[in-house]
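These are the residues of each chain, in order.
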Amino acid sequence: DTEVTQTPKHLVMGMTNKKSLKCEQHMGHRAMYWYKQKAKKPPELMFVYSYEKLSINESVPSRFSPECPNSSLLNLHLHALQPEDSALYLCASRHEGQGNTGELFFGEGSRLTVL
Amino acid sequence: GQQVMQIPQYQHVQEGEDFTTYCNSSTTLSNIQWYKQRPGGHPVFLIQLVKSGEVKKQKRLTFQFGEAKKNSSLHITATQTTDVGTYFCAPRTGANSKLTFGKGITLSVRP
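Residues numbered from 1 in each chain as written. Chains lettered and ligands numbered in written order. Predicted model: local features only at pLDDT ≥ 70, side-chain atom pairs only at ≥ 80, totals over all residues. Heavy atoms only, no water.

Draft legend 1. Fine view of the overall build of chain B. For chain B, the helix and strand inventory stands at zero helices and ten strands. Listing the helices and strands of chain B from first to last along the sequence gives β-β-β-β-β-β-β-β-β-β. Here chain B has a C-alpha radius of gyration of 13 Å; the compact-globule value for 111 residues is 13 Å, and the two agree. Expressed along its principal axes, the backbone C-alpha trace of chain B runs to roughly 40 × 25 × 20 Å. Every one of the 111 residues in chain B was classed for burial, and the buried ones make up 47%. Once local pairs closer than 6 in sequence are excluded, the contacts in chain B between residues at least 24 apart make up 54%. Taking the average place of the 13 positive charges on the side chains of chain B and the average place of its 6 negative ones, the gap between the two points comes to 10 Å. (Helix = DSSP H or I, 4+ residues; strand = E, 2+ residues; numbered from the N terminus. Rg over C-alpha atoms; globule rule 2.2 N^0.38 Å. Buried < 20%, exposed > 50% of the residue type's maximum accessible area, 1.4 Å probe, protein only. Contact = heavy atoms within 4.5 Å. Lys, Arg positive; Asp, Glu negative; His and termini not counted. Charge placed at Lys NZ, Arg CZ, Asp CG, Glu CD.)

Right, here's the structure in full:
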């Protein structure tokens, strides 16, 4: 079990579809993260939000569009994806007030398949 | 991002054997975290090391941060099948929120 909730758990979409992944946490954390993980690889950082502002974008293609509507929610909007974008998308949160320390709490992930 | 070496990528041990893995950096780190990901699961935080030479223990797991803060080790005493999974180190050098992961080592345990 985790205190970071991700929906949906599984998503299959075509290359012309528009879909969104959602992440929610109620731990009062002000830093939220999106990672992408391919099979047998480490999580790869995509975006970081700090106090609802985008603070890090790891040169992610624009077909991935993050959004942080409030301190508890993080979305990842998907449009015109490619089959190679199929992966596990992990959301994580962290208590921002700890500088560069503090653990990440991960959700269980959304497994995306692009056909 | 920060580059660290975690080798080997896979390790197979007999249940009851000890296991050690290392995370090596070419630059000095501010701190380092370790995570475990079970097959089909998500990464779960294990420990954070901040001070030079720091040693922390969690039951059969011992974590160490090198004196120069460039490497870290994870030692598991008397492995059990519940130790199966991939162990990632996640080093930090700067003051920002960025956290990237090493390639990980996948441990399998033969009962």
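Draft legend 2. Spatial organisation of the pattern of salt bridges. A complete count under the given rule lists seven salt bridges over all chains for this structure. Lys36(A) is paired through a salt bridge with Asp85(A); the nearest N and O atoms lie 4.0 Å apart. Of the two residues, Lys36(A) is situated in strand E4 (residues 31-37) and Asp85(A) in the loop between strand E8 (73-79) and strand E9 (87-94); the sequence distance between them amounts to 49 residues. Residue classification places Asp85(A) among the buried positions, given a relative accessible area of 2%. A salt bridge links Arg60(B) to Asp83(B); its shortest N-O distance comes to 2.9 Å. A residue pair is termed long-range when its members are at least 10 positions apart, and Arg60(B) in the loop between strand E6 (55-58) and strand E7 (61-65) and Asp83(B) in the loop between strand E8 (71-76) and strand E9 (85-92) qualify at 23 residues. (Salt bridge = Lys/Arg side-chain N within 4 Å of Asp/Glu carboxyl O.)

Draft legend 3. Main features of the environment of Thr86(B). Residue and element names in this part refer to chain B. Structurally, the position occupied by Thr-86 is in strand E9. For Thr-86, a relative accessible area of 15% translates into the label buried. When the C-alpha atoms of Thr-86 and Gln-6 are compared, they prove to be 11 Å apart, with 80 residues separating the residues in sequence. If we skip the residues at most four places from it in the chain, Thr-86 touches Tyr-35, Lys-36, Gln-37, Gly-104, Ile-105 and Thr-106. Within polar-contact distance, the side chain of Thr-86 engages the side chain of Thr-106 at 2.8 Å. (Polar contact = N/O pair within 3.5 Å; in protein donor to acceptor, adjacent residues only side chain to side chain.)

Draft legend 4. Spotlight on the nonpolar core. Of all hydrophobic cores here, the largest spans 22 residues; its most connected members are Trp34(A), Phe64(A), Leu76(A) and Leu78(A). Breaking this core down by element, the ones donating at least two residues are strand E2 (10-13), strand E3 (18-25), E4, strand E5 (44-50), strand E7 (64-70), E8, E9 and strand E11 (110-114) of chain A. In terms of nonpolar packing, the next biggest core, distinct from the first, is built from 20 residues, Phe19(B), Leu46(B), Leu61(B) and Leu74(B) among them. (Core = buried A, V, L, I, M, F, W, Y, C linked by side-chain atoms within 4.5 Å.)

Draft legend 5. Representation of the sheet that holds E9(B). Residues and elements named next belong to chain B. Within the open sheet, the five strands sit side by side as E2-E10-E9-E4-E5. Their pairing is mixed. Unpaired on one side and paired on the other, strand E2 (10-14) and strand E5 (43-49) mark the two borders of the sheet. Geometrically, the sheet is characterised by an average inter-axis angle of 25° between neighbouring strands, direction not taken into account. The pairing of E9 with strand E10 (residues 105-110) spans three bridges and is classified as antiparallel. Residue pairing across strands places Tyr-87 opposite Ile-105, the latter belonging to E10. (Pairing = 2+ DSSP bridges. Axes fitted to C-alpha atoms, helices over the stretch in contact; angles between N-to-C directions.)

Draft legend 6. Just the sheet that holds strand E1 (residues 4-7) of chain B, in detail. All names here are of chain B. Reading across the sheet, the five strands line up as E1-E3-E8-E7-E6 and stay open at both edges, with antiparallel pairing between neighbours. At either margin of the open sheet sits one strand with a lone partner, and together these are E1 and E6. Across this sheet, the average inter-strand angle for adjacent strands is 15°, counted without regard to direction. Across four bridges, the pairing between E6 and E7 is antiparallel.

Draft legend 7. Up close: the state of the cysteines. The final tally for this structure, using the stated rule, is two disulfides over all chains. Paired by a disulfide, Cys23(A) and Cys91(A) hold their sulfur atoms 1.9 Å apart. Every disulfide takes its handedness from the sign of the S-S torsion; for Cys23(A) and Cys91(A) that torsion is -70°, giving left-handed. Here Cys91(A) lies in strand E9 and Cys23(A) lies in strand E3, a separation of 68 residues in the sequence. Cys91(A) carries the same exposure label as Cys23(A), and that label is buried. Paired through a disulfide, Cys23(B) and Cys89(B) show a sulfur-sulfur distance of 1.9 Å. Between Cys23(B) and Cys89(B), the S-S torsion sits near 60°, and that sign places the bridge as right-handed. Highlighted residues: Cys23(B) in strand E3 (residues 19-25) and Cys89(B) in strand E9, separated in sequence by 66 residues. (Disulfide = S-S within 2.5 Å.)

Just geometry here; none of it tells us what the structure is for.
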